Structure formats: C-alpha cells, structure tokens
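Residue-level structural notes
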Amino acid sequence: MAPEHVRRRRVVLGTLLALVLLGGWGLTQVIGGADGAPAAGPETTSGPTEASAPQQADDAGGDGGEGDQDGQEGEGGQDDGAGEPADPGTEDDGGEPAVWQREPVPGEHASDLTALEQVDYLTGGLTPKSVMSSGRGLMIANNMMYSHTSTVFDSTSREQLEVLDDAVELSQFGIEGHPGLSQGSPVEAAWTADGRYAYVSQYTMYGENFGVEGFDACTRDSGVGASFVYRFDAEEMAWDQVFEVGAVPKYLALSPDQETLLVSNWCDATLSVVDTERGEETGVIQLAAAPRGVVVMPDNTTAYVVAMYADELYKVDLAEGTAEVVMQTASRPRHLNLADEGRTLYLTTSGGNAIYKIDTGTDEIVDQVNPGAEPRSVAMSPDEKALYVVNYNEASIAKVRTSDMEVVDTAPVDANPIGIDYDPVTNTVWVACYGGSIYVFDDQSTLL
C-alpha cells in the first residue's frame, strides 16, 4: 500500500486574552487550531513520506520503440483528480512569491557525491508519459495520450494544483477550420526560463478536419495531419495559446534567448521553428525518420537533433534553415543534453543501451556508459556533475557521474519508467512510470 499523504493544514489564529492579575499582570496567548485545540507553534507541513515501492506491475506493453500504451492506475498517493485541486494563488499568506515564482536552492553537496533517496511515491489519476520541472516550483506531468490530461504539481508540497484537459475550442485561439471541441494528446513539455509558461506537444488531434490520426510507424506518406502545441500559463493555471506545427510533434526545446521554440515532428520528419513572440511556426527544416531529442546551443542559432529511426545526429543551422548529419549512431538515438556552455553534448541511444559524451567542437564521442536496459529520457543536475536516466526495460533509474561516465547509483522503480527531470527548487529527481506513478528522490541528504 502506498502511504497516506498528509495535506498541508492551515492553522487558524485564535483570540488573545489579556488577564490582569492581583499584584501584577500577565499576558496569556491562546492559539487555537481549526478544531479549537491549542497549537504548538507556527504553520508546519508534513515532511517527505518514506515509501517503499509496491510490487512491480506487469509490463504495460508497448512496441519496444516509441509507442504510447495503456496502463493501470496506482493506488493511494495523490488525489485522483475528482476533488478540487490546491489553489496556487499569487502569493502565500506570508507574502512569499507565488508557487511558480520560487527560486532554485543551490545544493549543499556536489551532485556526483550524493545518493538518491526515495522520499515520495505519487499515484492517483496518473499515467505519466513525461514529467518536467519549471525550475521555479512547478512540475508538469503529461499523461498517456488516451488520458487526455496534463497534471501540474507544486514541487515542494507535491500536491496536485491543476489537472489540465486537452480539449480546446481552437476558434478561441484564432484557429479556424476545426469547429467544436478538439482534443489533443500530450507528450512532452518545455518551460520558459522564468517558469511562467510551459509548451506542451500534442501527439495527434481528435475532432473535425485533422486528417489521419497519428501512429508510431507513420511516414511522410501516411497522410497524418498536422498537430498542435499548447502553451500553459502558470499564473492562470490554464492553456493560453495554441499553434500548429508538424505531424506528431514530440520533443520541444527553447533557445537560450527564449525567442525560438524548436519542435521535432515524428511523422513528417521535420523540425518546426516557432517564433515565441508571435506564437506561430515560421520555418520548417527537413530531417530524417522520426526526429526526437533537441537542444539549442548558446549561440541561439545552432541546434542538435536526433532522428531516432534513421540512427542519425543532425547539426542544424537555424539562420540558414539547413541540417547536416554529423554522426551515425547506435540504434534509436533518443535524448540529448547540453553542458559545459555548449562544449559537451550527451546523446542517449535506447537501442544501443548507451549514453555518449560528445565534444561539440569535433562532433566526436569522447566517452560513453551503459546505464541499463533501454535508457530513455535523461535529466542533468544543475551543477552538471551528474546525469539521471530511466532504464525502460529494467524498471530502474541510474545516476551517472559526468566526469568519467561511471554509474554511481541506481534505484528501482515501477515498470516502464519513461520520464525524468531534476527540480532545482527542492533538489529532487522526479521519475514518471507509464503504469501510473511518479517517484520522487531526494538528491542532497545522503552522501555516497
């Protein structure tokens, strides 16, 4: 059984009674809780709950490649979405910044010296495909495409703040030709640097005039219709922008100057270039089969993209709108991480069971590691001393020291871990498992 999660309880200030005593005076302060009982002090919250993982669920299926899949919901943990989500507000009772405006907290220890310690296990209304940190106090989990929801968490309390439905009326966003409600299917997210907005890719659209429904084995000739990206506004806790991209958009990446959003389109083998100020696609760059992971260099004009089914790494010139293959990789290159001010690129191959460390000056592999069976998504610590990777086919995560590409820690999780990210506000690692759970690991309290 998953642990019961104790919710934050507001303490209500009681009345003050002034008693004048014979021969002197005294002041007795009585502070009452919601039930009238005396309170011991200021407001407190329950600490992280130590939780052992339940018995590993049966394999959720899947095609061994990219496909979304049905999964069972876990027990216990967070609310199932039936109740009212917590109110994020604009500031808390103490005048502190809003939930989405918190500041990162530098770790006390270098991340390559610390061990992963599980502190929470979240379930209830979740079938998470991915989980991404805003870096400013929020996490967004995009649930399996047929769930049609994205769940927003407070990364400190780990409460669900909002469950976003992917059904929208496109005409309200200035998009014509699709009358009535249209549904999406969330995949991945990219947050703006200030934590205000998250761009969420929608695998395919359901409704009027969308063409052929997306599927993983699609090609340019499959007739799959263009899909959309939704923008989430953390202050309003709602979608506030929608724009069209290519067929089956997957990964998204913002340029460091925040002016350009890149979206890899799985089915039509393209990269959408989006002007974030205008909220529209301004360019399309041709790639090869099934592009996925994307990163943008510090110069804002150079990007790297992997074509997963072509086993290729591309370098993209955004100013010229061109792309060239710079490396043939092992099977199914999937995820990219950039470090060292753009001098180092980490590339994950899920079919090759490896993470490459690449020198971007020469575009050559300088080191590599096998972190486990079918590594998929990867997160990086803020100090860039550690990588955290989910191993999809062995129900585990691994922590890799970047200096020498050695696995320094591992932890078991539920079947089919697929998404992972590091939250710098709490120095925790969040892991999304397809079957219906999110694990939270503290990464600072325990030394290796």
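Parameters at a glance
Residues numbered from 1 in each chain as written. Predicted model: local features only at pLDDT ≥ 70, side-chain atom pairs only at ≥ 80, totals over all residues. Heavy atoms only, no water. Helix = DSSP H or I, 4+ residues; strand = E, 2+ residues; numbered from the N terminus. Buried < 20%, exposed > 50% of the residue type's maximum accessible area, 1.4 Å probe, protein only. Contact = heavy atoms within 4.5 Å. Areas by Shrake-Rupley, 256 points an atom, 1.4 Å probe, with all protein chains shown as cover. Disulfide = S-S within 2.5 Å. Pairing = 2+ DSSP bridges. Axes fitted to C-alpha atoms, helices over the stretch in contact; angles between N-to-C directions. Patch = residues over 30% accessible without salt bridge, like charges linked within 9 Å, V, L, I, M, F, W, Y side chains within 5 Å. Salt bridge = Lys/Arg side-chain N within 4 Å of Asp/Glu carboxyl O. Lys, Arg positive; Asp, Glu negative; His and termini not counted. Charge placed at Lys NZ, Arg CZ, Asp CG, Glu CD. pLDDT = per-residue confidence, 0-100. 1 Å grid on protein atoms, 1.4 Å probe; cavity = no way out; pocket = protein on both sides within 12 Å on 5 of 7 lines; lining within 4 Å. Points joined across faces, edges and corners; volume = space filled by probe spheres on them. Nonpolar A, V, L, I, M, F, W, Y, C, P; charged D, E, K, R; others polar. Core = buried A, V, L, I, M, F, W, Y, C linked by side-chain atoms within 4.5 Å. Polar contact = N/O pair within 3.5 Å; in protein donor to acceptor, adjacent residues only side chain to side chain.

Side note on the overall build of the chain
- Along the chain, the regular secondary structure elements total zero helices and 32 strands.
- For the chain, the proportion of its 448 residues judged to be buried stands at 54%.
- Pairs at least 24 residues apart make up 52% of the contacts formed inside the chain by residues separated by at least 6 positions.
- Accessible surface, the chain: about 18,800 Å² in total, of which carbon and sulfur atoms supply 47%.

A short note on the state of the cysteines
- Applying the stated rule across the entire model yields one disulfide.
- The disulfide that involves C218 links it to C267, with 1.8 Å between the sulfurs. The S-S bond linking C218 to C267 shows a torsion near -90 degrees; that makes this disulfide left-handed. With a gap of 49 residues between them, C218 in the loop between strand 11 (197–202) and strand 12 (228–233) and C267 in the loop between strand 15 (260–265) and strand 16 (270–275) connect regions that are remote in the sequence.

Quick look at the sheet that holds strand 6 (residues 149–154)
- With antiparallel pairing, four strands are arranged side by side in an open sheet as 4-5-6-7. Both outer strands of the open sheet, strand 4 (128–133) and strand 7 (160–165), are each paired with one neighbouring strand and no more. Along the sheet, successive strands turn relative to each other by an average axial angle of 20 degrees, direction set aside.
- Relative to strand 7, strand 6 runs antiparallel, the two being bridged by five bridges. Each residue of the ladder has a partner; that of T151, found in strand 7, is V163.

Overview of a negative patch on the surface
- A cluster of acidic residues, D299, D317, E320 and E324, forms a negative patch on the protein surface.
- As for its placement among the helices and strands, E324 is situated in strand 21 (residues 322–328).

Remarks on the pairing of strand 23 (residues 344–349)
- Among the six residues of strand 23, six are classified as buried, and the element is accordingly described as predominantly covered.
- Residues T344, Y346 and T348 of strand 23 are buried on one face, and the alternating residues L345, L347 and T349, pointing to the opposite face, are buried as well.
- Examined bridge by bridge, strand 22 (residues 333–339) and strand 23 share six bridges and lie antiparallel to one another. Paired with A339 across the strands is T344, a residue of strand 23.
- Hairpin connection from strand 22 to strand 23: four residues lie between these consecutive antiparallel strands, with D340 at a positive phi of about 55 degrees.
- Note: strand 23 against strand 24 (residues 354–359), six bridges, orientation antiparallel. Bridging from a neighbouring strand, L345 pairs with I358 of strand 24.
- If you look at the hairpin formed by strand 23 and strand 24, you'll find four residues sitting between the two strands, and N353 has a positive phi there, around 55 degrees.

Quick word on unusual backbone geometry
- The phi angle at N209 is positive, at roughly 70 degrees, despite the residue not being glycine.
- On the secondary structure map, N209 appears in the loop between strand 11 and strand 12.

With respect to the sheet that holds strand 29 (residues 406–412)
- The four strands are arranged 26-27-28-29 in an open sheet whose pairing can be described as antiparallel. Looking along the sheet, the strands with just one partner apiece sit at the ends: strand 26 (375–380) and strand 29. Taking the axes of each pair of neighbouring strands and ignoring which way they run, one obtains an average angle of 25 degrees across the sheet.

Overview of the confidence of the model for the chain
- Mean pLDDT over the chain works out to 85, with 79% of the residues at or above the 70 mark.
- Note that pLDDT drops below 50 for residues 1–65; the model gives that stretch 89 contacts with residues more than four away or on any other chain.
- The low-confidence segment residues 67–83, where pLDDT is below 50, has 60 contacts with residues more than four positions distant or belonging to other chains.

Structural notes on the layout of surface pockets
- Here the largest pocket defines a volume of roughly 1,200 Å³.
- Forming the walls of the largest pocket are 43 residues, and the residues nearest its centre are M132, W191, L254, L338 and D421.
- Among the secondary structure elements, those contributing two or more residues to the lining of the largest pocket are strand 4, strand 10 (186–191), strand 14 (249–254), strand 18 (291–296), strand 22, strand 26 and strand 30 (417–423).
- Ranked by the residues each element gives to the lining of the largest pocket, the list is headed by strand 22, at five residues.
- When the residues that make up the lining of the largest pocket are grouped by side-chain class, the tally is 26 nonpolar, 13 polar and four charged.

Details of the nonpolar core
- In this structure, L138, F232 and V316 are the most contacted members of the largest nonpolar core, which totals 42 residues.
- Setting aside anything within four residues of it in sequence, one finds V316 in contact with L271, I285, L287, T301, T302, A303, V305, T322 and A323.

Thoughts on the pattern of salt bridges
- For the coordinates displayed, the defined rule picks out 16 salt bridges.
- A salt bridge links R196 to E235, with the nearest nitrogen and oxygen atoms 3.0 Å apart. Here the residue R196 occupies a position in the loop between strand 10 and strand 11, and E235 occupies one in the loop between strand 12 and strand 13 (238–244), the gap between them amounting to 39 residues.
- Via salt bridges that share partners, R196, D233 and E235 belong to a single interconnected network.

A short note on the side chain of S134
- Relative to the helices and strands, S134 is located in the loop between strand 4 and strand 5 (138–143).
- Polar contacts involving the side chain of S134 include one to the main-chain amide nitrogen of G137, which spans 3.4 Å.
- Leaving out residues up to four positions away in the same chain, S134 has contacts with W191, T192 and G195.

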